[in-house]
Amino acid sequence: MTGLRERKKQATREALMTAALRLALARGLENVRVEDIAAEAGVSPRTYNNYFSSKYEAITARHTDRVRASVAALRARPPGEPLWEALTEAMVRPWAEHAGTTDTAPPPELLAGIRMLSEEPALRAESLRVAFAADGELAAAIAERVGADPARDLYPSLVAVTVTAAVQAGVAHWLRADPPVPLVPLLRDCLRALAAGLPAPSE
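> What is the right way to read the overall build of the protein chain from this model?
Scanning the protein chain for helices and strands turns up nine helices and zero strands. Overall, the protein chain shows an N-to-C arrangement of helices and strands of α-α-α-α-α-α-α-α-α. Compactness check: the protein chain gives a C-alpha radius of gyration of 18 Å against a globular reference of 17 Å for 203 residues, within 12% of the reference. Principal-axis analysis of the C-alpha atoms gives the protein chain an extent of 50 × 45 × 30 Å. The burial tally for the protein chain puts 39% of its 203 residues in the buried class. Across the protein chain, contacts joining residues at least 24 apart in sequence account for 65% of those joining residues at least 6 apart. Carbon and sulfur atoms provide 56% of the accessible area of the protein chain, an area that totals close to 11200 Å². If the 24 positive side-chain charges of the protein chain are averaged to one point and the 25 negative ones to another, these points end up 6 Å apart.

Spelled out as structure tokens, the structure:
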């Protein structure tokens with residue numbers, strides 16, 4: 001019973017995130033209310049508030065979910081695996097699930113969501129708030145892996161923010177690449193370059 005309940009909750013959450021993005025794209029973010037999103041997803045505003053505190057949180061939630069999926073994936077990697085190999089696989093995994101491993105064209109919903117996050121000031125602010133919290137979770141997972149204290153040692157936080165930035169840079173490059181390039185190999189290249197100390201490109 002618990003498994004079914006959790007699946008229903010996740011389905012409702014997904015419906016709310018999708019409805020929020022769809023309405024924001026169709027009407028403009030400023031013209032969308034929480035009540036509109038709830039109605040579009042077929043739930044009450046009260047139910048909506050059980051999942052999200054604002055329309056901004058609903059739209060940025062997929063970004064939060066990807067980071068948390070990476071944290072879970074990192075914790076599930078084999079204990080003896082080198083840190084940077086484990087991090088690379090963990091950071092790539094959520095993007096591979098959404099964008100595929102070989103396709104070069106971004107899925108329309110993913111593309112629209114990422115562009116909205118970069119263009120809307122209110123969403124950028126929410127994304128920044130989310131990023132701080134998510135980086136803290138990632139730093140804690142890194143600290144566990146290397147036997148460090150995230151409250152005392154700089155290393156876990158430094159790694160967390162740099163790998164997050166590397167992924168963001170890779171996604172931004174993917175969106176503007178002409179001709180298009182596949183995302184997952186690009187992200188792997190970004191993270192491997194970071195692990196290698198960002199050597200200068202060969203001339």
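> Is there a simple way to think about the pattern of salt bridges in this case?
Pairs may arise between side chains of opposite charge once their charged atoms sit close together. Within this structure, the stated rule accounts for 13 salt bridges. A salt bridge links arginine 68 to glutamate 137, with the nearest nitrogen and oxygen atoms 3.0 Å apart. A residue pair is termed long-range when its members are at least 10 positions apart, and arginine 68 in helix 4 (residues 55-76) and glutamate 137 in helix 7 (residues 121-146) qualify at 69 residues. Put simply, aspartate 153 and arginine 152 hold a salt bridge, and the shortest N to O gap is 3.4 Å. What emerges from the salt-bridge pattern is a single network uniting Arg27, Arg33 and Asp36.

> So what exactly am I meant to see when it comes to the nonpolar core here?
What tends to happen in soluble globular proteins is that the nonpolar side chains get buried as a cluster. By size, the foremost hydrophobic cluster in this structure holds 28 residues, and its most contacted members are Leu74, Leu138, Ile142, Val163 and Val171. Every residue in contact with valine 163, bar those within four places of it in the chain, is listed here: Trp84, Leu87, Met91, Leu138, Leu191 and Leu194. In this structure, Ala19, Leu23, Ala24 and Tyr48 belong to the second largest nonpolar core, which totals 20 residues.

> Looking at this structure, how should I read the environment of alanine 143?
With respect to the helices and strands, alanine 143 occurs in helix 7. Given a relative accessible area of 2%, alanine 143 falls into the buried group. Between the C-alpha atom of alanine 143 and that of leucine 154, which follows or precedes it by eleven residues, the distance is 9.7 Å. Other than its neighbours up to four places away in sequence, alanine 143 contacts Ala148, Pro150 and Pro156.

> Which parts of the structure should I look at to understand helix 7?
Residue pairs three or four apart in sequence face the same way in an α-helix, which turns once every 3.6 residues. Spanning 26 residues, helix 7 covers 37 Å between terminal C-alpha atoms, matching the ideal 38 Å at 1.5 Å per step. Buried within helix 7 are the following residues: Leu123, Glu126, Ser127, Val130, Ala131, Ala134, Asp135, Leu138, Ala139, Ala141, Ile142 and Ala143. Positioned one or two residues after helix 7, glycine 147 has a phi angle of 70°, which is positive.

> Explain helix 9 (residues 183-195) to me, please; I cannot follow it from the model alone.
Here helix 9 spans 18 Å end to end across 13 residues, near enough to the 18 Å set by a 1.5 Å rise per residue. For helix 9, the set of buried residues is Leu183, Val184, Leu186, Leu187, Leu191 and Leu194. Take helix 9 and look down its axis: the buried residues cluster within an arc of 160°, on one side only. Downstream of helix 9 by one or two residues, glycine 197 has phi in the positive range, about 90°.

> Looking at this structure, how should I read the packing of helix 4 against helix 7?
Any two packed helices are characterised by how steeply their axes cross, that is the angle between the axes, and by the distance between the axes. Following both chains from N to C, one finds helix 4 and helix 7 inclined at 10°, their axes separated by 9 Å at the closest point. By the angle class used here, helix 4 and helix 7 are roughly parallel.

> Sorry if this is basic, but what is going on with the packing of aromatic side chains here?
The description of two aromatic rings rests on the distance between their centres and on the angle between their planes. The final tally for this structure, using the stated rule, is one aromatic pair. Measuring from ring centre to ring centre gives 6.0 Å for tyrosine 48 and phenylalanine 52, while their planes differ by 55°; the resulting arrangement is tilted. Of the two residues examined, tyrosine 48 and phenylalanine 52, each falls in the buried class. For arginine 66, the ring lying beneath its charged end belongs to tryptophan 95, and the centroid distance is 4.1 Å.

Cut-offs applied
- The numbers attached to residues start from 1 for each chain and follow its sequence in the written order.
- Local features in this predicted model are restricted to residues whose pLDDT is 70 or higher, and side-chain atom pairs enter the listing and the counts only when it is 80 or higher, whereas totals over whole chains, interfaces and linings include all residues.
- To obtain the side-chain values, all non-hydrogen atoms of the structure were used and water was disregarded.
- Working definition: helices are DSSP H or I runs of at least four residues, strands are E runs of at least two. Numbering for both runs from the N terminus.
- Between the two quantities, the radius of gyration covers C-alpha atoms and the globule rule is 2.2 Å times the number of residues to the power 0.38.
- Note on classification: 1.4 Å probe, protein chains only; a residue is buried when its accessible area is under 20% of the maximum for its type, exposed when over 50%, partly exposed between these limits.
- Note on definitions: a residue-residue contact is assigned when non-hydrogen atoms from the two residues lie within 4.5 Å.
- For every accessible area listed, the method is Shrake-Rupley and the probe measures 1.4 Å; residues are considered covered only by the protein chains on display.
- His is not counted here, nor are the chain ends, while Lys and Arg score as positive and Asp and Glu score as negative.
- Working definition for charges: the position is that of NZ of Lys, CZ of Arg, CG of Asp or CD of Glu.
- Between Lys or Arg on one side and Asp or Glu on the other, a salt bridge is scored when a side-chain nitrogen of the former is within 4 Å of a carboxyl oxygen of the latter.
- Only buried residues count toward a nonpolar core, which is a set of Ala, Val, Leu, Ile, Met, Phe, Trp, Tyr and Cys residues joined through side-chain atoms within 4.5 Å.
- Helix span is expected to be 1.5 Å times the residue number reduced by one.
- Regarding the arc, it is the one traced by the directions from the helix axis to the C-beta atoms.
- Fitted lines through C-alpha atoms serve as axes, helices being fitted only where they are in contact, and the angles separating the N-to-C directions of these axes extend from 0 to 180 degrees.
- The cut-offs work like this: below 35 degrees is roughly parallel, past 145 is roughly antiparallel, 65 to 115 is roughly perpendicular, and the gaps in between are oblique.
- A pair of Phe, Tyr and Trp rings is counted when the ring centres sit within 6.5 Å of each other, with Trp represented by its six-membered ring. The angle between the planes then sorts it: under 30 degrees is stacked, over 60 is edge-to-face, the rest tilted.
- Whether a charge sits over a ring depends on NZ of Lys or CZ of Arg being within 6 Å of the ring centre and within 35 degrees of the ring normal.

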